Every structure is written in C-alpha cells, then in structure tokens.
Amino acid sequence: MMTKDELFQTVESQRSALLTMADNIYDHPELGFQEVSAEKAITGYLTQCGFQVEHGVGGIATSFRAVFQNGEGGPRIGLLCEYDALEGLGHACGHHMQGPAIVGAAQALKVCAGEMPYTVVVYGTPAEETTHGKLRMLENGCFKDIDVALMMHGSPTTTVDVKSMAMSSFTVTFHGRKAHAALKPEDGRSALDALLVAFQGVEFLREHVPEDTRMHYTIAQSPGPANVVPDTAIGRFSLRSYSRKALDQVVERFRKIIEGAALIADVTYDLKEGDRLANKIPVLKLNQLLMENAELVQAPRLSPPREKTGSSDFSNVMYEVPGSCIRVAMVPPGTSSHSLEFLQAGKGEEAHEAVVIAAKVLCGVACDLIQEPERLSEIQMEFQNNKCTNL
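Figured I'd write up the structure that's included with this text. Predicted, not measured: the structure shown is a model, and the values here were computed from it. (Residues numbered from 1 in each chain as written. Predicted model: local features only at pLDDT ≥ 70, side-chain atom pairs only at ≥ 80, totals over all residues. Heavy atoms only, no water.)

**Thoughts on the overall build of the protein**
Rules: Secondary structure elements are defined from DSSP: runs of H or I of at least 4 residues count as helices, runs of E of at least 2 residues count as strands, and each element is numbered from the N terminus. We compute the radius of gyration over the C-alpha atoms and compare it with the globule rule, which gives 2.2 Å times the number of residues raised to the power 0.38. By definition, residues are in contact when any of their heavy atoms lie within 4.5 Å. Shrake-Rupley sampling with a 1.4 Å probe provides the accessible areas, and residues are treated as covered by the protein chains on show and by no other component. Neither His nor the chain ends is counted toward charge; the positive residues are Lys and Arg and the negative residues Asp and Glu. In plain terms, the charge of a residue is placed at NZ if it is Lys, CZ if Arg, CG if Asp and CD if Glu.
Scanning the protein from N- to C-terminus turns up 12 helices and 12 strands. At 24 Å, the protein has a C-alpha radius of gyration in line with the 21 Å of a compact globule built from 391 residues. C-alpha atoms of the protein, sized along the principal axes, occupy 85 × 45 × 40 Å. For the protein, contacts bridging at least 24 residues in sequence account for 81% of all contacts bridging at least 6. When the accessible surface of the protein is summed, it comes to about 16,800 Å², and 51% of that surface belongs to carbon and sulfur atoms. Computing the positive centroid from 35 side-chain charges and the negative centroid from 49, the protein places the two 5 Å apart.

What follows is the structure, encoded as structure tokens:
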C-alpha cells in the first residue's frame, strides 16, 4: 500500500536532480514555442524514470505527454507544467520550477506504486505567457485522458485560487481617409476619431456591467503626425469577468460600440478576436485537499484563497475537468510576479524548497484520490454542479 511517508521520501531522494533541473531551466530562459532545452530536460528525466513519453502532442513541437499506468482502471491523475519565460525578463513568473516539481511528484507516484490501479499523465504545456499553448492542445484533443488536473506555481504565500477570470481580447483596426489637416480637413475621415470614440464608449459602458467586469484598452501604434488626418488607427482591448456567460453579454455590447464608433467617424473597421479564456470552475473540495497536504508538509505562509485573480489558459482546462493549482510561497509577501524581485528569487533557497514542497503536495493529493476513490467522486460531482451555475 502506498504511504505518504514513502512518497515524500522518494521526493526528497530526487532533491538534487530536481533543483539542478530548475536552475538549468532558469539559466536558459526560452520564450513560448521555443522551449526546446526545457522540454528536453524535463522529458529526458521522465524517460530515464521509465515513463512513456510522446513529444509534440496537440500540434505543438515543444509540448509533451508522459504516462505511467499501474494496473487497469482507477483514477487518471493529470499533472501539468509550464516552462516558458517572459520576453526581456526571463523566468520572472517562476515557470522554471513547475517541470521539476511535477516530475518529482510523478516519479514518486511511480516508485511507490501499490496494488491499487491508477494512471499518472504528465503534460508539458508551452507558451502560457503569450499564445496560450493549452488552448491549442485542447483544440487538438489533449487532456481528455485525465480525471483531475493539477499544477503548481511560485507565490508570495502558499494558497489556492477559488476562481479565475474569463477573458476576450480584440484587435480593432479603423480605416479612414488621409488628408491635410489644415488645407483639406473636409476630405479626411479620421480613423483615430473612431478609436477615441470607441475608448469613450467603453468608459460609458463601465456603468452598466457587472461589478467584476474589467475592461482595458490601448493604442497599438502611433496614428501619425498631428497635421495629417490619420487613415489608420489600431486599438487593442481586453475584457474580463469571473463568468464566461456574463462576459459574452459584455462582448456583444462592445461589438456595438465599435460599430457605432465607425459610423460616427464615417470609417470602416476590421475586428479580430483573439483567444477566448474561460473562467475556472470552482472546486472547493479539491482546493481543501491541496491545502490539507500543504499543511501536512509544513509549507510556509499558509494563507486563505486569493481574492483577486487574473486569467490563464489553465482555466480552459479547468473548465473541462476538475482542476486546481497549489501556489507555494517562495517570494516575500506582496511581491508581484513578472517583476525583477520575483526573478531574483528564482534560484534562492525558498524557491528551491518550493519545488520540493510542491512535489510532495501534489503526490500527496494524488495518493488521497487513489486510495479514497470517494473523494474523487465528490470532487467530480461538485465540479459538475458548479459548472451549471458558473458558466
């Protein structure tokens, strides 16, 4: 029978290898879809440990799927990791820690396999920071082979998220007619006027949307000199809400604002929609299980769930299967990710300890789900019930 003491000891036995891997990925940051050396390091370790590894799943060259199956049937534990860096900053979001923590947990579950059947599926998911690799993988059939999806992330505190924000992003290009602003202004049709009207329309819309709605915009490129009526203006917009259903209603009103702005300025427009990120379906029982195991391994700075969260492509996975991410303390409270402070902590003692702690938490949760099938059933039931009310 698998025991948590054995699992945790197996994680500890890998400490040196896991931390060397984390430091190596940190020292060689790679942007989304370019994570060649990180993918090689993680999958090389999994192959050495006896996992069946498939490269380039979901149509992405730097993704992977690794599997260990113990008997027939049982729960299918999904362990997901990211390993892309930030442009100009490197691993200032701590993604170099995820692969080592995940493979440490996966190997512990393999080494300590008992008689109860289960499957461990490790997914490498590129380009979270930029082009949302998990969406591409979902579109190509990934993640249908798991019953639960688990991740880790570095954080100022050890905690979980109850929710995350759905997001729709748009690039709007207005097309007008260029003219001399002093000599022939009547011949011009200002694309910039349309963009400014669109910005103002979004501001008026703020009064009439649910309180959790967030709307951001920016000018994507300079419209040109002041003495020329601009014939092109490009804006980028991001709309967010904790409910995909509510956000879709806001999006419809946003589309009317863009159409109206074009009519006012007498110009035409192109509207290109980017990725649609889903909101996370809350699964409090799974969050509780993560925090129970975090307390068991004496993770630092245990805290209540985060009140404010952003958007992530992991949410689209957690929209399809029950999932959650354990955030393990490794930077001082109040430190923002995507910052120099977060980057500088990436190879520190707390970051190293967070890799090991996260591996223990994740394999501990997997152990509970394997040995107490009723807990997985309760998690799946809560997921289905909450999905009906949190669309």
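**Quick notes on unusual backbone geometry**
To be explicit about the condition: Buried, partly exposed and exposed residues are distinguished by accessible area as a fraction of the type maximum, computed with a 1.4 Å probe on protein chains only: under 20%, between the cut-offs, and over 50%, respectively.
For Q298, which is not a glycine, the phi torsion comes out positive at approximately 60°. Assignment of secondary structure puts Q298 in the loop between α8 (284-296) and α9 (314-318). On the basis of relative accessibility, which here comes to 68%, the residue Q298 falls in the exposed class. Non-glycine residue H338 carries a positive phi angle of around 60°. Along the polypeptide, H338 turns up in the loop between β12 (323-329) and α10 (340-344).

**Here we look at the packing of aromatic side chains**
Operational definition: Stacked, edge-to-face and tilted labels apply to pairs of Phe, Tyr and Trp rings (six-membered ring for Trp) whose centres lie within 6.5 Å, assigned for plane angles under 30 degrees, over 60, and everything in between, in that order. The rule for a charge over a ring is simple: NZ of Lys or CZ of Arg within 6 Å of the ring centre, and within 35 degrees of the ring normal.
A complete count under the given rule lists 10 aromatic pairs for this structure. One cation-aromatic arrangement involves K163 over Y242; the distance from NZ or CZ to the ring centre is 4.2 Å.

Remember that the coordinates give geometry; whether it matters functionally is a separate question.
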